[in-house]
Amino acid sequence: MTDPLSDLFSDDHARQQDAADPLRAFRDAFLIPRFGDVEQAYFVGNSLGLQPRGARAQVEDVLDKWAMEAVEGHFRGNSQWMTYHALVGEQLAEVVGAEPSEVVAMNSLTANLHLLMVSFYRPTRERPAILMEAGAFPSDRYALESQLRFHGFDPATDLIELEPDAPGGLFSMAAIEAAIAMHGPRLALVLWPGVQYRTGQAFDLAEITRLGHAAGAVVGFDLAHAAGNLPLRLHDSGADFAVWCHYKYLNAGPGAVAGAFVHARHAHTDRPRFAGWWGHDAATRFQMGPHFQPTPGAEGWQLSNPPILGLAPLRASLDLFAQAGMPALRRKSEILTGYLETLIHAQLDDVLDIVTPDEPARRGAQLSLRVRGGREQGRALFESLAAQGVLGDWREPDVIRISPAPLYNTHADILRFVRAVLHWRQA
Ligand SMILES: *Cc1c(COP(=O)(O)O)cnc(C)c1O
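Each value, and the rule that gives it
Residues numbered from 1 in each chain as written. Predicted model: local features only at pLDDT ≥ 70, side-chain atom pairs only at ≥ 80, totals over all residues. Heavy atoms only, no water. Helix = DSSP H or I, 4+ residues; strand = E, 2+ residues; numbered from the N terminus. Rg over C-alpha atoms; globule rule 2.2 N^0.38 Å. Contact = heavy atoms within 4.5 Å. Areas by Shrake-Rupley, 256 points an atom, 1.4 Å probe, with all protein chains shown as cover. Lys, Arg positive; Asp, Glu negative; His and termini not counted. Charge placed at Lys NZ, Arg CZ, Asp CG, Glu CD. Pairing = 2+ DSSP bridges. Axes fitted to C-alpha atoms, helices over the stretch in contact; angles between N-to-C directions. Near = heavy atom within 4 Å. Polar contact = N/O pair within 3.5 Å; in protein donor to acceptor, adjacent residues only side chain to side chain. Parallel < 35°, antiparallel > 145°, perpendicular 65-115°, else oblique. Left-handed = near helix turned anticlockwise from the far one by under 90°. Patch = residues over 30% accessible without salt bridge, like charges linked within 9 Å, V, L, I, M, F, W, Y side chains within 5 Å. Salt bridge = Lys/Arg side-chain N within 4 Å of Asp/Glu carboxyl O. Buried < 20%, exposed > 50% of the residue type's maximum accessible area, 1.4 Å probe, protein only. Core = buried A, V, L, I, M, F, W, Y, C linked by side-chain atoms within 4.5 Å. Phe/Tyr/Trp six-rings, centres within 6.5 Å; stacked < 30°, edge-to-face > 60°.

Student: Any chance you could explain the overall build of the chain here in plain terms?
Tutor: On a plain count of helices and strands, the chain comes out with 14 helices and 17 strands. Computed over C-alpha atoms, the radius of gyration of the chain comes to 23 Å, within 12% of the 22 Å expected from 2.2 N^0.38 for 427 residues, which places it in the range of a compact globule. Overall, the C-alpha framework of the chain stretches about 80 × 60 × 35 Å when taken along its three principal axes. Pairs at least 24 residues apart make up 70% of the contacts formed inside the chain by residues separated by at least 6 positions. Accessible surface computed for the chain: about 18200 Å², of which carbon and sulfur atoms make up 54%. Of note, the chain has its 37 positive side-chain charges centred 2 Å away from the centre of its 50 negative side-chain charges.

Student: So what exactly am I meant to see when it comes to the sheet that holds strand β16 (residues 393-395) here?
Tutor: To summarise the sheet geometry, strands pair through backbone hydrogen bonds and adopt either a parallel or an antiparallel arrangement. Spatially, the 4 strands line up as an open sheet ordered β13-β14-β17-β16, and their pairing is antiparallel. A strand with exactly one partner marks an edge of an open sheet, and here the two such strands are β13 (352-354) and β16. If you compare each strand with its neighbour and ignore which way they point, the axes differ by 35° on average. Sheet topology note: the strand β14 (residues 367-371)/strand β17 (residues 399-402) ladder contains 4 bridges and is antiparallel. By the bridge assignment, L369 is partnered in β17 with I400. Packing of helix α13 (residues 375-387) onto the sheet brings it into contact with β13, β14, β16 and β17, and relative to β16 it is tilted by some 165°.

Student: When you look at the site of the ligand in this model, what are you seeing that I'm missing?
Tutor: Surrounding the ligand, one finds L109, T110, F137, D140, D222, A224, H225, Y247 and K248. Side-chain polar atom of T110 to an oxygen atom of the ligand: 2.6 Å apart, as the coordinates give it. In the environment of the ligand, an oxygen atom lies 2.5 Å from a nitrogen or oxygen atom belonging to the side chain of K248. Contact with the protein chains removes 82% of the 390 Å² of surface that the ligand exposes when unbound.

Student: I would appreciate a short explanation of the packing of helix α12 (residues 326-348) against helix α14 (residues 411-426) in the present structure.
Tutor: Any two packed helices are characterised by how steeply their axes cross, that is the angle between the axes, and by the distance between the axes. α14 packs onto α12 with a crossing angle of 20° between their chain directions and a minimal axis gap of 10 Å. Relative to α14, α12 is oriented roughly parallel. Of the two possible hands of crossing, α12 and α14 adopt the one that is right-handed. Residues I335, L336, Y339, L340, L343, I344, Q347 and L348 of α12 touch α14, and the partners they reach there are H411, I414, L415, F417, V418, V421, L422 and R425.

Student: What's the story with a nonpolar patch on the surface in this structure? I'm lost.
Tutor: Residues L63, W66 and L309 make up a contiguous nonpolar surface patch of about 300 Å² in total accessible area. The residue L309 is located in helix α11 (residues 308-324) in this model. L309 sits in the partly exposed class, given a relative accessible area of 40%.

Student: I'm lost on the nonpolar core in this one. Help?
Tutor: Note on soluble globular proteins: their nonpolar side chains tend to be buried together. Among the nonpolar cores identified, the biggest contains 68 residues, and V96, L131, W192, F221, L223 and W244 are the most heavily contacted of them. By residue number, the principal contributor to this core is α11, which donates 8 residues. In this structure, F9, F43, V351 and L367 belong to the second largest nonpolar core, which totals 32 residues.

Student: Would you explain the environment of E69 in this entry?
Tutor: The residue E69 is located in helix α3 (residues 54-69) in this model. Along the primary structure E69 and L369 are separated by 300 residues, whereas in three dimensions their C-alpha atoms are 51 Å apart. Once residues lying within four places of it in the same chain are set aside, the contact partners of E69 are D64 and R76.

Student: Can you walk me through unusual backbone geometry in this structure?
Tutor: Apart from glycine, the bulk of residues carry a negative phi angle, and the bulk of peptide bonds sit in the trans form. Residue E396 is joined to P397 through a cis peptide bond whose omega torsion reads 0°. Of note, N107 is a non-glycine position whose phi angle comes to about 50°, a positive value. The residue N107 is located in the loop between β6 (103-105) and α5 (109-120) in this model. When its relative accessible area of 30% is taken as the criterion, N107 is described as partly exposed. Within the chain, N251 stands out as a residue other than glycine whose phi angle is a positive 55°. Among the structural elements, N251 can be located in the loop between β11 (241-244) and β12 (259-262). In this structure N251 comes out as buried when scored by relative accessible area, which is 3%.

Student: Looking at this structure, how should I read the packing of aromatic side chains?
Tutor: Working definition: an aromatic ring pair is given by the centre-to-centre distance plus the angle between the planes. Scanning all chains against the criterion turns up 12 aromatic pairs. Between F120 and F241 the ring centres are 5.5 Å apart and the planes differ by 20°, which places this aromatic pair in the stacked class. One end of the pair, F120, is in helix α5; the other, F241, is in strand β11, and 121 residues separate them in sequence. In terms of burial, F120 and F241 fall into one category: buried. Centroid distance W192 to F203: 5.7 Å. Interplanar angle 85°. Geometry classified as edge-to-face.

Student: Explain the sheet that holds β6 to me, please; I cannot follow it from the model alone.
Tutor: Pairing within the open sheet is mixed, and its 7 strands lie in the order β6-β12-β11-β10-β9-β7-β8. Each edge of the open sheet is held by one strand with a lone partner, namely β6 and β8 (159-162). Mean inter-strand twist for the sheet, computed between neighbouring axes without regard to direction, equals 20°. Here 5 bridges tie strand β9 (residues 187-193) to strand β10 (residues 218-222), and the two strands are oriented parallel to one another.

Student: Looking at this structure, I do not really get the environment of F286. What am I missing?
Tutor: On the secondary structure map, F286 appears in the loop between β12 and α11. Judged by its relative accessible area of 43%, F286 falls in the partly exposed class. Contact partners of F286, with chain neighbours within four places excluded, come to M82, W277 and W278.

The structure is reproduced here in structure tokens:
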């Protein structure tokens, strides 16, 4: 008799699954770092996505244009720099489920968070508070705390950090609802992650938006770990604004130009904003007049002409997202992450405790794995994995994050991870 579970651990099984994968060709569109004679099993696309092969050509295109056309590069051809940021707009809107006029690629994530808070965090004496999650990515907390202080309020009373109410640092929707109900009359802003970076928990953006709006607050999201990971429907969620980076699941390279969303209902807002010439109405920008007239939509929050070299790799990556499509990527992502989960439960339960929720609707690609036995054991395992060519990442005090990215990871990669853990356990 064959054990159906042991079959899941066979190379044949992994090979068959990968051969039947409709997205299998996309792996070849990426440069996979080497580990000796083989490729790494790279599970850190949630931190820095791999380089699309097409990225180099996009960057060289800009360098060539600069060499040959210099200042004229601003005005010549389809990829002229004057409108370069708009080349990514439609594909980006598709990835995050927005209208093209609702998204813009500009700056970096934390800079965009500040810029949008200038417009969408407008505290008053009666309503000064911000609700965020305790244990947020530090940059987000620094940004929110400093905005509060900038407006003359006290983070000790007005930065409300909701503690997780479920094991492993997870939040129930009921806890979020109760916090919004309790603080509602004082809330100026609810700022929540799409996917929590440490636990991998995914949130219902539409529901959080509904609750925040019902309490009279503005609602914004940090989608650093959600963009390119989950099929988002930002417009339909009703969120007021969102920000994200492009170097994680969106594979646009270290420090890549980031993204921002402003809901269409704010396209012509007269809220205050910090202005720069690239946010000025494109039709009259070069009349160089003294009075700022914002261009409607998200592009109206741009400050400067964008770093074209930093935007170039994003074009290569977004082409791949457009070809694969978020629904197909999500289908594969659920299969890969489910496979990882099944193998861990079958063989590694004594080593690893999965922190991330087990319902697919409450997670993206990433599983956060708490190493039983604590920090020292955890570090030893983490280092052993790296020494076996299996790359995850480490979060203090005892969590290894493993994120199979559906554009390039395979069942075979996941099998390598599981075998590497078994190897370490047996040693
Ligand atoms: C990755 C990440 C950041 C990084 O911020 P940068 O401004 O891009 O350096 C911030 N917040 C969250 C939640 C992140 O996951």
